[in-house]
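Each chain is listed here by its residues.
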Amino acid sequence: MAATTPISPEEMEELKEAFSKIDVDNNGFIRKDELDALFKAANLPLPGYLVREIAQELTGTGEQLAFDRFTEVVHGLKSSEVSKTFRKAINKKEGICAIAGTSEQSGTQHSYSEEEKVAFVNWVNKALENDPDCKHVLPMDPNNDDLFTAVGDGIVLCKMINLSVPDTIDERTINKKKLTPFTTQENLNLALNSASAIGCHVVNIGAVDLKEGRQHLVLGLLWQVIKIGLFADIELNKSEALIALLRDGESLEDLTKSSPEELLLRWANHHLEEAGCPKIKNFRSDIKDSKAYYNLLNRVAPSGDEEGIPPVSIDMSGIRQPDDLQRAECMLVQSERLGARQFVTATDVVRGNPKLNLAFVANLFNKHPALKKPQNQDIDWSAIEGETREERTFRNWMNSLGVNPRVNHLYADLDDALVLFQLYEKIKVPVDWNRVNKPPYSKFGSNMKKLENCNYAVALGKNDAKFSLVGIAGQDLIEGNRKLTLALLWQLMRRYTLNILENLGEGQKVSDDAIVSWANDMLAQAGKPTFSGFKDGAISGSSMPVLDLIDAIQPGSVRYDLLKTEHLTEEEKLNNAKYAISMARKIGARVYALPEDLVEGKPKMVMTVFACLVARGMKKA
C-alpha cells in the first residue's frame, strides 16, 4: 500500500470546521450515521458504499466518532487505493492539476494548484518587472508553463530570495550572461543553498528538479520564498504598532509568541471589531462571501490624515451584490485602488483557498497596516527585543530541516521540546516517542507536560548525544533561558555539521583541529596560504582563507579582481565576506553562517563555514 500522505494544517482546519457543523450539540462526537453528512460538509463527498464500509470498520469503537478518529480515517483515505474518488474531490475543490508520473518513494501522483501558479507568476512579474537581468524570461504568461521554464537558470529564484531577505545573495556571484549547463548548475546551487539559509525546507529539492521545471517542487519552493518575504515585517520588533492588538489581561510576552498567521488574523479582527462588524475565525470559509474583506478594506484605506498619503474612498455598494463571485470581483476592484490586488482572483476568494487568501491579507497588511503605536506607559517597550543574528541563524537552520511546527519565535516555539526531539533524530540520536507528551495539552497540566518533555530533551543531550550541558535543566528550556537554550542549539547544529564530515571521512572522528588540518591540506595542494585556526586574523580581516579554500575546491571560481585584499575598510571587509558566503553556497556548500560572522571572527560560526567547505571538497574529490 502507498505511504500515507499527511494532513496539512489548512486541511486540518477545514476538517475541524466541517466537524463542528455536524457536531451541533458541541460534545466533541458525531454519530456514525452522520458520517456521510460530515464528508459532504468538508466538500469531500464519498460514494455511499464507501461510507458504509468505513462505518462498519468503526463498529468496534461504539456508535460515536471523535474528531481525532475522524482525522485518522481521512489520513488513511488520502493514500488508500479505494480513495480515488476522495482524491478527485480534493483536486476538484482546490483546482489541482495532476502531473504525469508518480513518486518512486510513495507511489502517489504529484500535483499542483493551477490557481497558485497563476498567483505566483503575477507576483514575480510585478516584483521583477524592472530588473534587467530577468528580461530574458519576463513577463511570464500565467496561463501556460512559462514559470517552470523561467526558473531553470536560477536567476529568477536568486532575485526573489534577495527580495524576500535583502542581501542574502551577493549579486556578483550570480551568473547572468552566456550561461552554460555548468554555470546554470552554479546558479541553482546558489539559489537552493541560499533558500535553505533563510529558512526554506529544500531537503528533497535538487538543482535538477528546478532545471527540469518539476512543477510541484518549483511552486513549493517559490511559495516558501514569497511567504518569508510577506511575513518579514509581521512581528513586534519590526512593527511596534502591532501592540495595538494586545487584548485585555494579556501580557506582551503572549503577543510576542503569536505566529505571523495568528497576528494577521488578530489584525483583521481588530479592524473588523472597530468597524462594528462580525469577526472571522480563518481566511478560508469566513471570507468566502467577501464581506469581511470589504469591511477590512474600508477600515484600512488611507483617510488623508497622514501627510503625503492621499485619501482613498472605498465604494461599498458592491457588498450588496447577491452573487458571491460578483461580490468578490467588486471587492477586488476596491483592493486594487489600495494597490493590494495580488494573489487572489474572485474564484480563489469564493473557494476559500487558504494559502492565497493568507498571502492576500499579508500583502494588504504590509501596504496598509492602519495601526498606531499605543501611548500606554504601562507597556514595557524594552521587552520587545529584536532577534540576534545568532538566533536567526539557528531558527533558519531548524526550519530548513523541515521541523514541524515551523519555528517562528526561537524560545517560545521550543518550550515543549518537540522541535528539539526532531533535531535529535536529524543527528541520529534515537528518541523514544512513547515518552514524549504531544499536544493538545490540557489547560491545567500543560506546563508539567512540557517540563517532562524538556527534561527528557536535556537527558538525551547529556546521556545519548554526550553533549556538554553543565548547568542546563529542562526548566531553562521551558522558560526560554537565552544563553542555555542557545548552548544546546549550538551543540545540535555542530553535531549535524560534523556528521556530514564523519560520513565522508569513513567514520573518522572529527574535531576542530581535524577540520583546520583538512582545509590546510586542500589549500597547500592548491599552492595557497594556510591559516592557523578559526580565530585567524586573516578571516576577520579579509575573508581570504575562506575564499582561497573555495578556489582550491573549484579552481578559477573566485573572481579575485572583485576583492580588496589590503588596508580594507569595514565596508570592504563586509563586501569580501558577503562574496565569500555566497561563493561557498554557489559551489554547493550549505552554509548557514552570515557575512557578519566572518567579519566579527565568530569562531563557532566560522567553524561551520570551513566544515561545510571541507565536506564539499571531500565529496568532490
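Residues numbered from 1 in each chain as written. Predicted model: local features only at pLDDT ≥ 70, side-chain atom pairs only at ≥ 80, totals over all residues. Heavy atoms only, no water.

## Focus: the confidence of the model for the protein
No. 1: Averaged over every residue, the pLDDT of the protein is 89; residues scoring 70 or more account for 88%.
No. 2: Within the model, pLDDT remains below 50 along residues 101-108, and this stretch shows 12 contacts once partners closer than five positions in the same chain are excluded. (pLDDT = per-residue confidence, 0-100. Contact = heavy atoms within 4.5 Å.)

## Regarding unusual backbone geometry
No. 1: The peptide bond linking asparagine 404 to proline 405 adopts the cis configuration, its omega dihedral lying at 5°.
No. 2: Among the structural elements, proline 405 can be located in the loop between helix H18 (389-400) and helix H19 (418-426).
No. 3: Here proline 439 and proline 440 are connected by a cis peptide whose omega angle stands at 0°.
No. 4: Take proline 440: it is sitting in the loop between H19 and helix H20 (446-464).
No. 5: Located in the positive-phi region is serine 290, a residue other than glycine, with phi close to 70°.
No. 6: Here serine 290 shows up in the loop between helix H13 (260-274) and helix H14 (291-300).
No. 7: Taking relative accessible area as the criterion, serine 290 reaches 0% and is therefore assigned buried.
No. 8: Located in the positive-phi region is alanine 370, a residue other than glycine, with phi close to 55°.
No. 9: Along the chain, alanine 370 falls in the loop between helix H17 (354-367) and H18. (Helix = DSSP H or I, 4+ residues; strand = E, 2+ residues; numbered from the N terminus. Buried < 20%, exposed > 50% of the residue type's maximum accessible area, 1.4 Å probe, protein only.)

## A few points about the packing of aromatic side chains
How two aromatic rings sit relative to each other is set out by the distance from centre to centre and by the angle between their planes.
No. 1: One pass over the structure, following the stated rule, counts 12 aromatic pairs.
No. 2: A centroid spacing of 5.8 Å and a plane angle of 75° characterise the contact between phenylalanine 421 and tryptophan 433, whose relative ring orientation is edge-to-face. Taken together, the residues span a long stretch of sequence, with phenylalanine 421 in helix H19 and tryptophan 433 in the loop between H19 and H20 at a distance of 12 residues.
No. 3: By way of ring pairs, the aromatic residues Phe421, Trp433 and Tyr456 are connected into one cluster. (Phe/Tyr/Trp six-rings, centres within 6.5 Å; stacked < 30°, edge-to-face > 60°.)

## A short note on the pattern of salt bridges
No. 1: All told, the structure shown has 29 salt bridges when counted by the stated rule.
No. 2: Among the salt bridges present, the one from aspartate 131 reaches lysine 159, with a minimum N-O distance of 3.2 Å. Of this pair, aspartate 131 sits in the loop between helix H6 (114-127) and helix H7 (146-150) while lysine 159 sits in helix H8 (residues 155-164), placing them 28 residues apart in sequence. Taken individually, aspartate 131 and lysine 159 each receive the classification buried, so the pair is uniform in this respect. (Salt bridge = Lys/Arg side-chain N within 4 Å of Asp/Glu carboxyl O.)

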